[in-house]
Amino acid sequence: MASISLPNAVPVKKVLIVDDDPTVIELLLHLLKNEGLAIETAENGLRALEKLQNTSFDLLISDVWMPEMDGLQLLSVAQKIAGAPPAIIMTADQTPTVMLQAVREQAQHVVSKPFHFNTMLTLIRETLKESPAVPIEVLSATSDWVELLVPCELRSADRVQPLLMQMKSDLPDEVRESIGQAFRELLLNAIEWGGKLDAGSKVRISFIRAQRMLLYRISDPGTGFRFEGLDHAAINNPPDDPIEHMRVREEKGLRPGGLGILMTRSLIDELIYNEAQNEVVLIKYLS
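Residues numbered from 1 in each chain as written. Predicted model: local features only at pLDDT ≥ 70, side-chain atom pairs only at ≥ 80, totals over all residues. Heavy atoms only, no water.

Caption draft 1: Summary view of the sheet that holds strand β11 (residues 270-273). Sheet architecture is open: six strands sit in the order β7-β8-β9-β10-β12-β11, paired in antiparallel fashion. Pairing within the sheet leaves two strands with one partner each, and these edge strands are β7 (137-141) and β11. Between one strand axis and the next, the sheet turns by 15° as a mean value, whatever way the strands run. Note that strand β10 (residues 213-219) and strand β12 (residues 279-285) share seven bridges and pair antiparallel. The partner of Leu215 across the bridge, within β12, is Ile283. Here helix α4 (residues 96-104) sits on the sheet and contacts β7 and β8 (145-151); the angle it forms with β7, its principal contact strand, is near 155°. (Pairing = 2+ DSSP bridges. Helix = DSSP H or I, 4+ residues; strand = E, 2+ residues; numbered from the N terminus. Axes fitted to C-alpha atoms, helices over the stretch in contact; angles between N-to-C directions. Contact = heavy atoms within 4.5 Å.)

What follows is the structure, encoded as structure tokens:
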């Protein structure tokens, strides 16, 4: 496929798009036409690998299933090239094995096809703007048991949540959304308070899909906490002041939030902490 450079723009960043479907290529070219990027395309992993070996790119966007060399094989080989770009993997195959294998091969994001234009554009912009994310380690990748080591960066929540949402794709939307929201809040708490936003520290996440329940376990590297010491959390607001925690958070320079534990208790069936309170289990029963 032909390369394009956008006229009247300084191509600060270089992007390689890889897909055997010309329609997807055209959609992405249209999506990025005003972004001031230098864009090259390839119809499979083999052609893309040739380009990666000869040109330095700032971002790789690749499909999974393609002839000659698929996207997962490309990602595996590309990681051995000095200065390999961060990768966004697109796939219509939303099986846990495929999506988690992409994470194992150090994809920064995994996007389901068909993708939403605005979501994809935001993801591309953020990936190009930010420094490369610390890889997520996949410890277990079966359909019933997923276990991950996640770096303590706030953006990790955006990387992990779409993957785990796919593990519940057969459930009603309200169930998926409620436990997804609860999980995200507690993961952010673990990253921010347990991991102190240190990307070198990891939160351990387990997701177990049983016949009659969903179970998440989140273990952070911190020393734990006491509920009575959480003046920045809504769970400790006085009865006559339901937004007291918002003032405390603003004074401490904290991000908006603080609803995590209180909200989570309303969304799931059981919330269980260990003694130190640096590990928590969320349980949602399935009828």
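On we go from here.
Caption draft 2: Summary view of the side chain of Ser140. With respect to the secondary-structure elements, Ser140 resides in strand β7. At a separation of 2.9 Å, a polar atom in the side chain of Ser140 contacts the main-chain carbonyl oxygen of Trp145. Discounting chain neighbours no more than four positions away, the residues touching Ser140 are Arg104, Trp145, Val146 and Glu147. (Polar contact = N/O pair within 3.5 Å; in protein donor to acceptor, adjacent residues only side chain to side chain.)

Caption draft 3: Spotlight on unusual backbone geometry. For the peptide bond that leads from Lys113 to Pro114, omega is -5°, which places it in the cis range. By secondary structure assignment, the location of Pro114 is in the loop between β6 (109-112) and α5 (117-129). Although it is not a glycine, Gln106 adopts a positive phi angle of roughly 75°. Here Gln106 lies in the loop between α4 and β6. Phi is positive for Lys196, close to 55°, though the residue is something other than glycine. With respect to the secondary-structure elements, Lys196 resides in the loop between α7 (173-194) and β9 (202-209).

Caption draft 4: The pattern of salt bridges, seen in detail. Counted according to the given criterion, the structure contains 13 salt bridges. A salt bridge links Glu50 to Arg47; the shortest N-O distance between them is 3.1 Å. Of this pair, Glu50 and Arg47 are both found in helix α2 (residues 45-54), three residues apart, which corresponds to roughly one turn of the helix. For Glu50, a relative accessible area of 38% gives the class partly exposed. (Salt bridge = Lys/Arg side-chain N within 4 Å of Asp/Glu carboxyl O. Buried < 20%, exposed > 50% of the residue type's maximum accessible area, 1.4 Å probe, protein only.)

Caption draft 5: Representation of the layout of surface pockets in the model. Roughly 690 Å³ of internal volume is contained in the largest pocket. As for the largest pocket, its lining consists of 31 residues, of which Val110, Thr119, Leu123, Asp158 and Pro162 are closest to the centre. Elements that contribute at least two residues to the lining of the largest pocket include exactly β6, α5, α6 (156-166) and α7. Here the residues of the lining of the largest pocket sort into ten nonpolar, twelve polar and nine charged. (1 Å grid on protein atoms, 1.4 Å probe; cavity = no way out; pocket = protein on both sides within 12 Å on 5 of 7 lines; lining within 4 Å. Points joined across faces, edges and corners; volume = space filled by probe spheres on them. Nonpolar A, V, L, I, M, F, W, Y, C, P; charged D, E, K, R; others polar.)

Caption draft 6: Inspection of the packing of helix α1 (residues 22-31) against α5 at higher detail. α5 packs onto α1 with a crossing angle of 65° between their chain directions and a minimal axis gap of 11 Å. Comparing the axis directions of α1 and α5 gives the class roughly perpendicular. Between α1 and α5 the crossing geometry is right-handed. Here Leu27, Leu28, His30 and Leu31 of α1 lie close against α5, whose contacting residues are Phe117, Met120 and Leu121. Across the contact of α1 with α5, the residue classes break down as six nonpolar, one polar and no charged. (Parallel < 35°, antiparallel > 145°, perpendicular 65-115°, else oblique. Left-handed = near helix turned anticlockwise from the far one by under 90°.)

Caption draft 7: A look at the environment of Arg209. Its location among the elements puts Arg209 in strand β9. The spacing of Arg209 and Ser143 is 66 residues in sequence and 7.6 Å in space, taken between C-alpha atoms.

Caption draft 8: Molecular detail of α5. Taking 1.5 Å per residue, 13 residues should reach 18 Å; α5 reaches 18 Å between its end C-alpha atoms and fits that length. Among the residues of α5, Met120, Leu121, Leu123, Ile124, Thr127 and Leu128 are the ones counted as buried. In a view along the axis of α5, the buried residues occupy a sector of 160°, so they form one face of it. Exposed and oriented more than 90 degrees from the buried face of α5 are Asn118, Thr119 and Lys129. Looking at the buried side of α5, the elements it contacts are β2 (13-18), α1, β3 (37-42), β4 (59-63), β5 (87-91) and β6. (Expected span 1.5 Å × (residues − 1). Arc of directions from axis to C-beta.)

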